[in-house]
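Coordinate inspection notes
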Amino acid sequence: MVSFQCARSIRPVILAYTIRIPANLAKTYSTHSPSPTFDKIASNEDDDIGIRGRSRRVDYKLRGKGRNFVDFVRVVAKGGAGGDGCVAFHREKHIAKGPPNGGNGGRGGNVILTVSRDETTLNHVPYLCAAGRGGHGLGAQRHGLSGKNLIIQVPLGTVVREIDPPKSKVQEEAEEENPEEQRKKRWVFYPRYEENSDGKTDFFEEAEKLVDKEEKYLRWRQRDAAPRLHLDLSTPGVDVQIATGGRGGYGNPHFLTTANRSPKFATRGTPGQVHYLELELKTIADAGLVGLPNAGKSTFLSAVSNAHPKIASYPFTTLNPYIGTVDYPDSYQLTVADIPGLIEGAHRNVGLGHSFLRHVERSKVLVYVVDVAAERPWEHFRTLRGELEAYREGLTARPSLVVANKADVTDQAKANLGEFEMRVRETFGEEGEEVVVVPVSAKYRKNIVKVTTLLRQMVEKVKAEEALERAIPEEGEDDYEP
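Rules of the game
Residues numbered from 1 in each chain as written. Predicted model: local features only at pLDDT ≥ 70, side-chain atom pairs only at ≥ 80, totals over all residues. Heavy atoms only, no water. UniProt positions renumbered as here; feature names shortened; annotations may be inferred. Helix = DSSP H or I, 4+ residues; strand = E, 2+ residues; numbered from the N terminus. Buried < 20%, exposed > 50% of the residue type's maximum accessible area, 1.4 Å probe, protein only. Contact = heavy atoms within 4.5 Å. Areas by Shrake-Rupley, 256 points an atom, 1.4 Å probe, with all protein chains shown as cover. Core = buried A, V, L, I, M, F, W, Y, C linked by side-chain atoms within 4.5 Å. Pairing = 2+ DSSP bridges. Axes fitted to C-alpha atoms, helices over the stretch in contact; angles between N-to-C directions. Salt bridge = Lys/Arg side-chain N within 4 Å of Asp/Glu carboxyl O. Right-handed = clockwise from strand over helix to strand, strands pointing away. Polar contact = N/O pair within 3.5 Å; in protein donor to acceptor, adjacent residues only side chain to side chain. pLDDT = per-residue confidence, 0-100. Phe/Tyr/Trp six-rings, centres within 6.5 Å; stacked < 30°, edge-to-face > 60°. Lys NZ or Arg CZ within 6 Å of the ring centre and 35° of its normal.

The name that an unreviewed UniProt entry assigns to the chain is Obg family GTPase CgtA, with the source organism given as Jimgerdemannia flammicorona. Check the Sequence similarities (unreviewed entry) section of the UniProt entry for the chain; it says "Belongs to the TRAFAC class OBG-HflX-like GTPase superfamily. OBG GTPase family."

This is the structure we're talking about:
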């Protein structure tokens, strides 16, 4: 039983339901003719909901296909600003006017890129790469702490290029500031400090000349500045500094002279370097799989290596590169990269375009994977070579291996195989090269051992030639006598 007081404390709850009637049913269930405005609004709402629903479904599918993989970003690398110097004087119980003891500001942090094998994407690199600012100087000769360095791990094979800053930033730098604003950005003054105006020696003016002379010297030292950054980070464990932090400001003891025993000014820290950069990831692998969409590249990679990419029967299942390691009985290993499918016009960035082609540049050996069960597979092979050569001249001249995949699917595959081998040999024969065509069935892992054996021989040969090329200049330098 509920008491009267408890019953009074219970307030009724009113639930409001909003019923939206579709436009196509409004006329049927209304007792009077609806206004055209209601029909228009209802139909627009239905269209908007349908568009939002479709976009959500598309986004969900793309997220499931590895859209978090990023191989090209533009960032701003900004070194930390230096800390400001301190204006302070020694004060104790029996010392009314002690000497200046302000500390210097700490230097700003640097932005450093570290090459790591653990990273495979640039998705974690922020747009603004800003290092920590240096700490301000304090009294009692306490100098500021140095700013914290910003260390960013990037994948192996990242290319760093410096680009021009936006036009808005260039215009801001071109605008001239008046002397008062420049003075505020450079100096720190003691509270209630006033410039000398009684005709005596102006110590602050002498300090300004000293600082100007020092900055002029530093600019002279940097007159032969290094060219724009263009780095190829292809060695693991290497650290590269891309933005240097600013210098810390001087405390007021720096300006102490025999004439000026109590300087009441200090300098602020200088800003750090700012670089606008492009980071582009180019996968490094011993062999790169080249083929049209749905040619069986992912199935082939899973058959020869320890990689497990997504495999499906529709084109563009692979949207980002996968790297697998092929293990041999004698513990030898080589890496194979499965790259998104290539279509005609990829050199003009059609389809996935450059997202595919940038990852094939670093491969020592090209493995053409062609669906020999398709109609006229030699046309597919011609398309692949044409797109590679159009993207970068000389790319097709690298050692190549042709894999005729799906050779056991139908009778058409067996009929196409002979003509396909003949046309491939004719194509390479015109350039004076020899190529091996290996029919395989990646799905049932048939003839895989032959492919991996040939692939190892080709990779070892290329690596031996590269080692020989690197050794020849070194021997020439040792034999040189001025």
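1. Quick notes on the overall build of the chain
When its secondary structure is counted, the chain shows eleven helices and 16 strands. Considering the chain as a whole, with its 482 residues, one finds that 39% of them fall into the buried category. Here the contacts in the chain between residues at least 6 apart in sequence split such that 75% fall between residues at least 24 apart. For the chain, the exposed area adds up to about 29,800 Å²; of that, 52% sits on carbon and sulfur atoms.

2. Things to note about the nonpolar core
Core analysis: the biggest nonpolar cluster contains 27 residues, and Tyr368, Phe381, Leu388, Val402, Phe420 and Val424 have the highest contact counts within it. Put simply, the parts of the chain that give this core at least two residues each are β14 (365-371), α9 (377-391), β15 (400-405) and α10 (411-430). Of the residues forming this core, the biggest block, five residues, is contributed by α10. When residues no more than four places from it in sequence are discounted, the contact partners of tyrosine 368 are Val290, Phe381, Leu384, Arg385, Leu388, Thr396, Ser400, Leu401, Val402, Val403 and Phe428. In terms of nonpolar packing, the next biggest core, distinct from the first, is built from 26 residues, Leu289, Ala303, Tyr332 and Val336 among them.

3. Here we look at the sheet that holds strand β12 (residues 322-327)
Strand pairing in a sheet is mediated by backbone hydrogen bonds. Such pairs are either parallel or antiparallel. Reading across from one edge, β12-β13-β11-β14-β15-β16 is the order of the six strands in this open sheet, with mixed pairing throughout. Pairing within the sheet leaves two strands with one partner each, and these edge strands are β12 and β16 (437-439). For this sheet, the mean angle separating the axes of adjacent strands, direction not counted, is 25°. Pairing between strand β11 (residues 287-290) and β14: four bridges, direction parallel. Paired with leucine 289 across the bridge in β14 is valine 367. Contacts from α9 reach β11, β14 and β15 within the one sheet, and its direction differs from that of β14 by about 145°.

4. What to know about the pattern of salt bridges
Per the counting criterion, the structure on display carries 21 salt bridges. A salt bridge links arginine 74 to glutamate 278; the shortest N-O distance between them is 2.9 Å. Remark: glutamate 278 occurs in strand β10 (residues 274-281) and arginine 74 occurs in strand β1 (residues 72-78); sequence separation between them is 204 residues. When its relative accessible area of 11% is taken as the criterion, glutamate 278 is described as buried. Here arginine 133 makes a salt bridge to aspartate 84, at a shortest N to O gap of 3.4 Å. A residue pair is termed long-range when its members are at least 10 positions apart, and arginine 133 in the loop between β3 (128-130) and β4 (150-155) and aspartate 84 in the loop between β1 and β2 (111-116) qualify at 49 residues. If you follow the salt bridges from partner to partner, you end up with Arg74, Arg161, Glu278 and Glu280 in one network.

5. Structural notes on the pairing of β15
Taken across its six residues, β15 has six buried, putting it largely inside the fold. As judged from the six bridges shared by β14 and β15, these two strands associate in the parallel manner. Counterpart to valine 369 in the pairing with β15 is valine 403. What joins β14 to β15 is α9, and the crossover it makes is right-handed. Pairing between β15 and β16: three bridges, direction parallel. By the bridge assignment, valine 403 is partnered in β16 with valine 438.

6. Considering the sheet that holds β1
Read from one edge to the other, the open sheet built from five strands follows the order β3-β1-β10-β5-β7, with strand pairing classed as mixed. In this open sheet, the two strands that pair with only one neighbour each are β3 and β7 (230-233). Direction aside, neighbouring strands of the sheet carry axes that sit 25° apart on average. With four bridges connecting them, strand β5 (residues 158-162) and β7 associate as antiparallel partners. In the strand pairing of β7, threonine 158 is matched with leucine 233.

7. Describing helix α7 (residues 297-304)
Among the eight residues that make up α7, seven are buried, leaving the element largely enclosed by the rest of the structure. Those residues of α7 not exposed but buried are Lys297, Ser298, Phe300, Leu301, Ser302, Ala303 and Val304.

8. Things to note about the side chain of threonine 121
Tracing the backbone shows threonine 121 in the loop between β2 and β3. Judged by its relative accessible area of 15%, threonine 121 is buried. A distance of 3.2 Å separates a polar side-chain atom of threonine 121 from the backbone nitrogen of asparagine 123.

9. Focus on the confidence of the model for the chain
In this model, the chain carries a mean pLDDT of 76, and residues with pLDDT of at least 70 account for 72%. The low-confidence segment residues 475-482 (pLDDT under 50) makes zero contacts with residues lying over four places distant or belonging to another chain.

10. Observations concerning the packing of aromatic side chains
Summed over the entire model, instances satisfying the criterion amount to eleven aromatic pairs. The rings of Trp187, Phe189, Phe204, Phe255 and Phe265 are connected pair by pair, giving a single aromatic cluster. A cation over an aromatic ring shows up here: arginine 456 above the ring of tyrosine 328, its NZ or CZ 5.1 Å from the ring centre. Across the ring face of tyrosine 332, the terminal group of arginine 456 is positioned such that the distance to the ring centre comes to 4.3 Å.

11. Overview of unusual backbone geometry
In this structure, arginine 445 is a non-glycine residue whose phi angle is positive, near 55°. By secondary structure assignment, the location of arginine 445 is in the loop between β16 and α11 (448-479). A positive phi angle, near 65°, is found at asparagine 447, a position not held by glycine. Note that asparagine 447 resides in the loop between β16 and α11. In this structure asparagine 447 comes out as partly exposed when scored by relative accessible area, which is 34%.

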